[in-house]
Amino acid sequence: MTEAPWFRDAVVYQIYPRSFQDSNGDGIGDVRGIIDRLDYLHTLGIDVLWLSPIYTSPQDDNGYDIADYQDIDPTFGTLADVDELIAQAHARGIRIVMDLVVNHTSDEHPWFVESRSSTDNPKRDWYWWRSPGESADGSPTAPNNWESFFSGPAWELDEVSGEYYLHLFSRKQPDLNWENPEVREAVYSMMRWWLDRGVDGFRMDVINMISKVTSLPDGEPIPGSPGLGDGTPHFLNGPRIHEFLQEMHASVFEGRAEKLLTVGEMPGVTVDDAVLYTDPARHEVDMVFQFEHVGLDHGDHKWDRRTLDLRELKTSLGRWQEGLAETGWNSLYWNNHDQPRAVSRFGSDAPEHRVASAKLLGTVLHLHRGTPYVYQGEELGMTNVPFASSEDFLDIESVNYYRMAVESGSDAASVLDNLRIGSRDNARSPMQWDSTGHGGFTTGTPWFRANPNYVEINAEAEVADDDSVFHHYRRVIELRHTEPAVGHGDFQMLAADHPTLYAFTRSHEGVELLVVANFSGDELALDVLDDLDGWAGSTLLLGNVGEPSSVTAPLRAWEARVLRR
Ligand code: TEU
Ligand code: CA
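What is the right way to look at the overall build of the protein chain in this model?
Across its full length, the protein chain holds 15 helices and 22 strands. Its C-alpha radius of gyration of 24 Å places the protein chain within 12% of the 24 Å reference for a compact globule of 565 residues. With respect to the three principal axes, the spread of C-alpha positions in the protein chain is 75 × 55 × 50 Å. The 565 residues of the protein chain split such that 58% are buried. Long-range contacts, defined as pairs at least 24 residues apart, comprise 69% of the intrachain contacts of the protein chain with a sequence gap of at least 6.

In this structure, what is going on with the side chain of Ser348? I would like to understand it.
Turning to its location among the elements, Ser348 is positioned in the loop between helix H9 (342-345) and helix H10 (354-366). When residues no more than four places from it in sequence are discounted, the contact partners of Ser348 are Val343, His353, Arg354, Ser357 and Trp558.

Any chance you could explain the packing of aromatic side chains here in plain terms?
Aromatic ring pairs are described here by two measures, namely the spacing of the ring centres and the angle between the planes. The final tally for this structure, using the stated rule, is 34 aromatic pairs. Residues Phe20 and Trp433 carry aromatic rings whose centres are separated by 5.1 Å and whose planes lie at 80° to one another, so their mutual orientation is edge-to-face. With Phe20 in the loop between strand E1 (12-15) and helix H1 (31-36) and Trp433 in the loop between helix H12 (412-422) and helix H13 (459-464), this pair connects stretches of sequence that are 413 residues apart. On the basis of relative accessibility, which here comes to 0%, the residue Phe20 falls in the buried class. Taken together, the ring pairs in this structure connect Tyr55, Tyr69, Trp111, Trp126, Trp193 and Trp194 into an aromatic cluster. Its guanidinium or amino end placed over the ring of Trp6, Arg95 lies 4.1 Å from that ring's centre, counting from NZ or CZ. Above the plane of the ring of Trp126 lies Lys123, whose end atom (NZ or CZ) is 4.8 Å from the centre.

Explain the coordination of the calcium ion (ligand 2) here, please?
Where a metal carries four tetrahedral donors, each ideal angle is 109.5 degrees; where it carries six octahedral donors, the ideal angles are 90 or 180 degrees. Only Asp22 (OD), Asn24 (OD1), Asp26 (OD), Ile28 (O) and Asp30 (OD) from the protein reach the calcium ion (ligand 2) as donors, at distances of 2.2 to 2.4 Å. When the donors of the calcium ion (ligand 2) are listed by position in the chain, the intervening gaps give D-x1-N-x1-D-x1-I-x1-D. Both residues of the pair, Asp22 and Asp30, belong to the buried class.

Even after reading the chapter, I still don't get the sheet that holds strand E10 (residues 164-166), so can you show me in this structure?
Strand pairing in a sheet relies on backbone hydrogen bonds. The paired strands run either parallel or antiparallel. Pairing is antiparallel in the open sheet, where 3 strands are placed in the order E6-E10-E9. Both edges of this open sheet fall to strand E6 (129-130) and strand E9 (155-157), since each of them pairs with a single strand only.

What should I look at first to understand the sheet that holds strand E15 (residues 287-289) in this one?
Judged by pairing direction, the sheet is parallel, and its 8 strands sit side by side in the order E15-E14-E11-E5-E2-E1-E17-E16 without closing on themselves. With partners counted over all chains shown, the strands left at the sheet margins are E15 and strand E16 (331-332), one partner each. Relative to strand E14 (residues 261-265), strand E11 (residues 201-204) is paired through 4 bridges, and the arrangement is parallel. Across the sheet, Arg203 pairs through a bridge with Val263, a residue of E14. Against the sheet, helix H3 (residues 79-91) makes contact with strand E2 (48-51) and strand E5 (95-100), and its axis sits at roughly 140° relative to E5, the strand it touches most.

Help me understand the packing of H10 against helix H14 (residues 469-482), please; the structure alone is not making it clear to me.
Contact geometry for H10 and H14: axes closest at 9 Å, N-to-C directions at 15°. The pairing of H10 with H14 is recorded here as roughly parallel in orientation. The handedness of the crossing between H10 and H14 is right-handed. Contacts from Val355, Ala358, Lys359, Gly362, Thr363 and His366 in H10 reach Val469, His472, Tyr473, Val476, Ile477 and Arg480 in H14. Per-class residue counts for the contact of H10 with H14 are 6 nonpolar, 4 polar and 2 charged.

Even after reading the chapter, I still don't get the pairing of E2, so can you show me in this structure?
Remark: a regular strand shows side chains that alternate across the two faces of the sheet. By the alternation rule, side chains of E2 split into Val48 and Trp50 and Leu49 and Leu51, which are all buried. Where E1 meets E2, 4 bridges bridge the pair, whose relative direction is parallel. Bridge pairing in E2 links Tyr13 to Leu49. For E2 and E5, the ladder comprises 4 bridges, and the chain directions are parallel. Paired with Val48 across the two strands is Arg95, which belongs to E5.

What is the right way to read the pattern of salt bridges from this model?
Between side chains of opposite charge, a pair can form as their charged atoms come close. This model, assessed by the stated rule, comprises 42 salt bridges. Of the charged contacts in the structure, one is a salt bridge between Asp467 and Lys359, with a shortest N-O distance of 4.0 Å. Taken as a pair, Asp467 in the loop between H13 and H14 and Lys359 in helix H10 lie far apart in primary sequence, 108 residues in all. Asp467 sits in the exposed class, given a relative accessible area of 56%. Residues joined by salt bridges that share partners form a network here, namely Asp61, Lys302, Asp338, Asp395, Glu397, Arg424 and Arg428.

Cut-offs and rules
Residues numbered from 1 in each chain as written. Chains lettered and ligands numbered in written order. Predicted model: local features only at pLDDT ≥ 70, side-chain atom pairs only at ≥ 80, totals over all residues. Heavy atoms only, no water. Helix = DSSP H or I, 4+ residues; strand = E, 2+ residues; numbered from the N terminus. Rg over C-alpha atoms; globule rule 2.2 N^0.38 Å. Buried < 20%, exposed > 50% of the residue type's maximum accessible area, 1.4 Å probe, protein only. Contact = heavy atoms within 4.5 Å. Phe/Tyr/Trp six-rings, centres within 6.5 Å; stacked < 30°, edge-to-face > 60°. Lys NZ or Arg CZ within 6 Å of the ring centre and 35° of its normal. Donors = N, O, S within 2.8 Å, 3.2 Å for Na, K, Ca; no water. Pairing = 2+ DSSP bridges. Axes fitted to C-alpha atoms, helices over the stretch in contact; angles between N-to-C directions. Parallel < 35°, antiparallel > 145°, perpendicular 65-115°, else oblique. Left-handed = near helix turned anticlockwise from the far one by under 90°. Nonpolar A, V, L, I, M, F, W, Y, C, P; charged D, E, K, R; others polar. Salt bridge = Lys/Arg side-chain N within 4 Å of Asp/Glu carboxyl O.

As structure tokens, this is what we get:
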């Protein structure tokens, strides 16, 4: 047996720098703002910080459109600020993980500017250029029918050469051609440069999209979408993806002594794929972000929402636990900058249940086997945003969807409702630090309006209250550091068919933990568990709604307990 990897006992905290802390009053969060809040993060007890992109960028997709991988956007600060952030984080035992966005660049990246300049430019082949098809009336048509993730076709006609380029995301995010070995080496050398600078790893944006079927075949037509098709089978987990990741590992990570972390963001990844991606013997990535559990409340498409059934959530997360039990490793998350707020989605943001359900969610997630991720504000129980009108949405995906849907005849009021529930903007309102103006995020005019509930829900109030969501998260994180069964124990789901009880055990070297959680506002008796009496004399390690009358007493509204025997 080799030693278990360090990240099994670690908790990662994600910062969306735009919305975290503004230090200079321009209304946009920045690197100095992060430095100012390191003590807060240290108090919370997290081990790793993942920063969403801060590189030079025209900000078409809030920094996921990068124009220079080796410099910092002036909005966020300077390279010197980042050096200081790394040093100050390391001084507190916190590692820094950067976002790596290399499926695409910005169209303003010099690589693309050159590539687009002429068909015989040496960088022409660094992107996916194709000549147009021809429609009946002789006008140019896109090379295939793929739909972009941000609505409309995934191809843009370039006036200079009369050819199209591929962009799976916005037209300002052209896809890099990973078939070209020069592209791959340019990316690897940039990654080595960051590691040499002191960063501790990468969160790799849509990394399972970098290998495409090179013939770029049409996708299945999308119902109700005139002329567009679903290209995903031709670029998710594509033909050369494992080869590319292994090559990246050999060129960038091999032989480094530091304890690094690599996590691949992988829409559409299955458990079987994930076993391959995360098997340590294959040298690809440490863990992946999968999307199954955040798709369970989607209907036919992401904007068509349905009520989540807890049984489906348990089936899905349970299958991931089982599938990666022997080989590979899970990442665990409810939230990130692309997802609505967890407490509004999986818990209850009603005033009487918000605190308990936010604590319950933290307990359940962090007690699974895998590395947990906390998204800024989740540790405060921050909620979805009360959007008044379509103008309140700023995210390119949301804005494009609204325009397209209304243009194609959907009812504007129901499109707006879908956005309220599903928009990524729910995650992007400013971090709520205190009860002063704009929640203490900025002294200027914030780029995104603060959620008015900052008056009650904020870090200052929660740090001062030992009973807060913040201190509950702090305790859950501490439990991972002190109780080996949390990081290393085997996972066993219990009462899988129960509609409101989430229950499981973790066992490790003779220690057993039982987690029971009531996903409802009604009292819930625990006698559905076969071995309930066997837990009667156990120790309560963690609860969320005050002392229970006994460790096996019925659960109160949104109550969660962790027992140890
Ligand atoms: O997201 C990839 C992704 O597929 C989705 O989660 C996406 O946010 C969208 O909701 C699809 O409908 C990553 C980043 O996390 C996201 O912020 C970027 O916009 C995207 O890649 C492009 O870089
Ligand atoms: Ca600023």
